[in-house]
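Residue-level listing of the chains:
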Amino acid sequence: MAGRVEGKVAFISGAARGQGRAHAVRLAEEGADIIAFDVAGPVPAQGAPAATPEDLAETIRLVEKLDRRIIATRADAREPEAVTALLADGVAQLGRLDIVVANAGIQGIPGSVAETSASDWQAVLDTNLSGVYNTVKPAIPHLIAGGGGGSITIISSSIALKLVPGLAPYGAAKSGLIGLMKTLALELAAHSIRVNSIHPTTVQTPMLINDVNFRLFRPDLDDPTLEDVEPVYRSLNALPVPWVEPSDIANALLFLASDEARYITGITLPVDAGYALK
């Protein structure tokens, strides 16, 4: 069924590549126009190669290729004034807001809690928890003003459902998003605004496929490769796959944003190949 979000406008953070780009393209394929942002550069305690302005430009190209409008800019989710301003500009140009996707996040520097510096801890929470708040909060008045309800989806992680050692700031932030999501779902239900979270397992993006993670998952090797870590990634999931694709998460996001999910709110939706079951 084509056109599942036809005529709607979506606001997406972290849209330069990976899951964020997949969300923008998938929603555009189904008729939505896009307001998007990404820091598109390094941030403290990133833990993976940074996105670039060229990545964000490619997202713009892919959405425009689908004959949809996109207003995209570089901005940091840690800076609420910047996010509020770019969203207001996007809504002024596109005329409405219906869908919010709080996707931006960083991995952090792997290590035990005892090894994690206070600055690295704060850097992850600033992006992965406060950055989601900074994305969602300014969207609420626009959604309410539209009068037709709406959808907010927070991209959390399967690690929020089953914690792992070595990624305490990431796990703490992603777990905190569940509390934020459920609170928002209760607060906004009277306006028919639905709020849910998606919890992906390992996803084949630069956030997973990088040397930092290779060393985290194969500390027994001096210079591990993707071939070395793929069996470890596969062992995390109940289904026999090492990772899922960004499109798998985008398809779940599309469902939650569409009218097909009009009575679904306050849920934690795993797209995790059975990770949380093991």
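What you see is a predicted model, and the numbers here were worked out from it, not measured in a lab.

It is worth spelling out the packing of aromatic side chains at this point. One pass over the structure, following the stated rule, counts three aromatic pairs. Between Phe 217 and Tyr 233 the ring centres are 5.0 Å apart and the planes differ by 75°, which places this aromatic pair in the edge-to-face class. Of this pair, Phe 217 sits in helix α7 (residues 211-217) while Tyr 233 sits in helix α8 (residues 226-236), and the two are 16 residues apart along the sequence. For Phe 217, a relative accessible area of 24% corresponds to the partly exposed category. The class of Tyr 233 is buried, set by a relative accessible area of 0%. Where Tyr 233 meets Trp 243, the ring centres are 6.1 Å apart and the plane angle is 65°; that geometry is what we call edge-to-face. In this pair, Tyr 233 is assigned in helix α8 and Trp 243 in the loop between α8 and α9 (246-257), connecting sequence segments ten residues apart. Like Trp 243, Tyr 233 is buried. Among the aromatic residues, those joined into a ring-pair cluster are Phe 217, Tyr 233 and Trp 243.

So, on to helix α4 (residues 118-136). Along an α-helix, a turn takes 3.6 residues, which lines up residues three or four apart on a common side. The terminal C-alpha atoms of α4 lie 26 Å apart, and with 19 residues this matches the ideal 27 Å at 1.5 Å per residue to within 8%. Where α4 bends most, the angle comes to about 40°, and this point is Ser 130.

A few words now on the nonpolar core. Generally speaking, nonpolar side chains in soluble globular proteins are found buried as a group. Ranked by internal contacts, the top residues of the largest apolar core, which has 30 residues, are Phe 11, Ile 35, Leu 97, Ile 152 and Ile 154. In this structure, Ile 152 is in contact with Val 100, Val 136, Leu 143, Leu 188, Ile 193, Arg 194, Val 195 and Asn 196, ignoring residues within four places of it in sequence. With 27 residues, the next largest nonpolar core counts Leu 27, Ala 32, Ile 99 and Ala 261 among its residues.

Next up on the list: unusual backbone geometry. Here the phi dihedral of Ala 40 falls at roughly 45°; this positive angle occurs in a residue that is not glycine. Secondary-structure assignment places Ala 40 in the loop between β2 (33-38) and α2 (53-65). Positive phi values are uncommon outside glycine, yet Ser 192 reaches one of about 60°. Along the chain, Ser 192 turns up in the loop between α6 (168-188) and β6 (193-200).

Before going further, it helps to examine the pattern of salt bridges. This structure, assessed with the given rule, holds eleven salt bridges. Among the salt bridges present, the one from Arg 4 reaches Glu 260, with a minimum N-O distance of 2.7 Å. Taken together, the residues span a long stretch of sequence, with Arg 4 in the segment before β1 (9-13) and Glu 260 in the loop between α9 and β7 (268-271) at a distance of 256 residues. A relative accessible area of 21% places Arg 4 in the partly exposed class. Judged by its relative accessible area of 40%, Glu 260 is partly exposed. We note a salt bridge from Asp 220 to Arg 218, for which the minimum N-O separation is 2.7 Å. One network of salt bridges, with partners in common, ties together Arg 26, Glu 29 and Glu 30.

Further remarks concern the packing of helix α1 (residues 18-29) against α9. Think of two packed helices as two axes; the pair is described by the angle between the axes and how far apart they sit. At a minimum axis distance of 8 Å, the contact between α1 and α9 shows a crossing angle of 50°. Put simply, α1 runs oblique to α9. Handedness of the α1/α9 crossing: right-handed. Residue-level contacts link Gly 18, Gln 19, Ala 22, His 23, Arg 26 and Leu 27 of α1 to Pro 246, Ser 247, Ile 249, Ala 250, Asn 251, Leu 253, Leu 254 and Ala 257 of α9. Here the residues of the contact of α1 with α9 are counted per class, giving eight nonpolar, five polar and one charged.

Definitions and limits used
- Residues numbered from 1 in each chain as written.
- Predicted model: local features only at pLDDT ≥ 70, side-chain atom pairs only at ≥ 80, totals over all residues.
- Heavy atoms only, no water.
- Phe/Tyr/Trp six-rings, centres within 6.5 Å; stacked < 30°, edge-to-face > 60°.
- Helix = DSSP H or I, 4+ residues; strand = E, 2+ residues; numbered from the N terminus.
- Buried < 20%, exposed > 50% of the residue type's maximum accessible area, 1.4 Å probe, protein only.
- Expected span 1.5 Å × (residues − 1).
- Bend = angle between axes of the 7 residues up to and from the residue.
- Core = buried A, V, L, I, M, F, W, Y, C linked by side-chain atoms within 4.5 Å.
- Contact = heavy atoms within 4.5 Å.
- Salt bridge = Lys/Arg side-chain N within 4 Å of Asp/Glu carboxyl O.
- Axes fitted to C-alpha atoms, helices over the stretch in contact; angles between N-to-C directions.
- Parallel < 35°, antiparallel > 145°, perpendicular 65-115°, else oblique.
- Left-handed = near helix turned anticlockwise from the far one by under 90°.
- Nonpolar A, V, L, I, M, F, W, Y, C, P; charged D, E, K, R; others polar.

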